[in-house]
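Below are the chains, spelled out letter by letter.
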Amino acid sequence: MASSSTQRILVIGAGELGTAMLEGLVRHLERQSSPVSLPPITVLLRASTINSTDDNKLRANSYLRSLGASLAMGDIVQDSEEHLADIFRNYDTVIVCSGFGFPSGTQLRITRAVLQASVKRYFPWQWGIDYDIVGAGSAQDLFDEQLEVRKLLQAQAEVNWVVVSTGLFVSFIFVPEFGPVDLKGRTLRALGSWDTRLSVTTPRDIGRVAAEIVYEPREINRQVVFVAGDTVSYDNVANIVARRFGGQWKRELWDMQTLEQRLKDSPDDGMVKYQNVFGAGKGVAWDIANTVNMQRGMEMQTVEDYLREMKDLD
């Protein structure tokens, strides 16, 4: 493969994670200190996004270009696998940052296109939990596709791949529909039990650590690695929130019996599926000592750090 700083990189998607990924890549020391002119990092977006006249999209695209990115057109849902493969052949490294809310099968078709294109290195949309430990047939059926992606990658030897398990986005803890923290309702909840743990990372830190692996892979190849800004129990989260904002808080336990009943009552509710997975506590938490960021001495944002940046409650 091309030397780490001169490799041609494609980032798929420019939502919260894709933008953070681009920021991490362009700001990495290996790229900043390169003595030669480097190819721009390319971001793959729908044609409708690139050509949009919407003010928000115009601002977003302008920001991507201000970071030195080149914008390329492609649609991971509508384009054929052959067309996607033709796009991917132009790059050494493909990093997928689009996945949430996409149709079932999207990540498999991207992976097949990557393999067809013989991309040198691939970071699939696996920025989440340890799907191997969760296993097939979990409450969240979308996770089964992630296991199928891993099988495809493990069954071949031509394309190098890296799966980066990051846990939950820190911000997701504070989505009221998910449950653990309802700031407006001043309610704190445990999924499964108060001692159940989960690992969390901010998108910014995911981008920083991913960039470190891209430019300084060392011995990381064809494997799953772990990243986390924090690993906490629901009790830890509740205490941190109560300490940060003060006042009275209601505490509720949604044990597994409660969560399983909610799933029976609403079998198609994606949020309830997530609640069951994170309540079971299987494959959703790992020790910080075993993370790439700890092993490389990278300072990360903890839950307490994240809360410190939030505005006080009314």
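A brief report on the enclosed structure follows.

Here is what the cut-offs are and how they apply
Residues numbered from 1 in each chain as written. Predicted model: local features only at pLDDT ≥ 70, side-chain atom pairs only at ≥ 80, totals over all residues. Heavy atoms only, no water. Helix = DSSP H or I, 4+ residues; strand = E, 2+ residues; numbered from the N terminus. Rg over C-alpha atoms; globule rule 2.2 N^0.38 Å. Contact = heavy atoms within 4.5 Å. Lys, Arg positive; Asp, Glu negative; His and termini not counted. Charge placed at Lys NZ, Arg CZ, Asp CG, Glu CD. Salt bridge = Lys/Arg side-chain N within 4 Å of Asp/Glu carboxyl O. Core = buried A, V, L, I, M, F, W, Y, C linked by side-chain atoms within 4.5 Å. Buried < 20%, exposed > 50% of the residue type's maximum accessible area, 1.4 Å probe, protein only. Expected span 1.5 Å × (residues − 1). Polar contact = N/O pair within 3.5 Å; in protein donor to acceptor, adjacent residues only side chain to side chain. Axes fitted to C-alpha atoms, helices over the stretch in contact; angles between N-to-C directions. Parallel < 35°, antiparallel > 145°, perpendicular 65-115°, else oblique. Left-handed = near helix turned anticlockwise from the far one by under 90°. Nonpolar A, V, L, I, M, F, W, Y, C, P; charged D, E, K, R; others polar. Pairing = 2+ DSSP bridges.

## Quick notes on the overall build of the protein chain
Helices and strands together make up the secondary structure of the protein chain, namely 14 helices and 13 strands. Radius of gyration (C-alpha) of the protein chain: 20 Å, near the 20 Å computed for a compact globule of 314 residues. Across its three principal directions, the C-alpha atoms of the protein chain cover 55 × 45 × 40 Å. In the protein chain, the proportion of contacts linking residues at least 24 apart, taken out of those at least 6 apart, comes to 80%. Charge separation in the protein chain, taken as the distance between the mean sites of 33 positive and 40 negative side-chain charges, equals 2 Å.

## Describing unusual backbone geometry
If you check the backbone angles, R186 has positive phi at about 50° while not being a glycine. As for its position among the elements, R186 is in the loop between β8 (181–182) and β9 (187–192). Here R218, not a glycine, exhibits a phi torsion of approximately 55°, which is positive. As for its placement among the helices and strands, R218 is situated in the loop between α9 (203–215) and β11 (223–226).

## Considering the pattern of salt bridges
Going through the model one piece at a time under the given rule, you end up with 19 salt bridges. Where D86 meets R89, a salt bridge forms, and the shortest distance between an N and an O atom there is 2.5 Å. Note that D132 and R150 form a salt bridge whose closest N and O atoms lie 2.8 Å from each other. You can see D132 sitting in helix α7 (residues 131–134) and its partner R150 sitting in helix α8 (residues 143–154), a full 18 residues away along the chain.

## Let's talk about the nonpolar core
Core analysis: the largest hydrophobic core is formed by 60 residues, its most contacted members being M21, L25, F88, V94 and W127. In terms of residue count, the dominant contributor to this core is α9 (7 residues). Residue contacts for W127: discarding those within four places in its chain leaves L17, M21, I95, V96, C97, V164, T166, G167, I206 and A210. Membership of the second largest hydrophobic core comes to 34 residues, among which are I173, I240, W249 and L259.

## Quick look at helix α4 (residues 55–66)
Here α4 spans 16 Å end to end across 12 residues, near enough to the 16 Å set by a 1.5 Å rise per residue. At the N-terminal end of α4, a side-chain oxygen is found 3.0 Å from the backbone nitrogen of N56, two or three residues along, and the residue is D54. G68 lies just past α4 and shows a positive phi near 95°.

## Looking at the packing of helix α5 (residues 81–88) against helix α6 (residues 106–117)
For the pair α5 and α6, interaxial distance at closest approach is 8 Å and the crossing angle is 55°. What the angle tells us is that α5 and α6 run oblique. With respect to the hand of their crossing, α5 and α6 are arranged in right-handed fashion. Facing α5, whose interface residues are E81, E82, L84, A85 and F88, α6 presents R109, I110, R112, A113, V114, Q116 and A117. Residue classes in the contact of α5 with α6 are distributed as 7 nonpolar, 1 polar and 4 charged.

## With respect to the sheet that holds strand β12 (residues 230–233)
Taken in spatial order, the 3 strands of this open sheet run β7-β10-β12, and their pairing is mixed. In this open sheet, the two edge strands, each paired with only one partner strand, are β7 (168–169) and β12. In terms of strand pairing, strand β10 (residues 197–201) meets β12 through 4 bridges, oriented antiparallel. Each bridged residue has a counterpart across the sheet, and for S199 the counterpart in β12 is T231.

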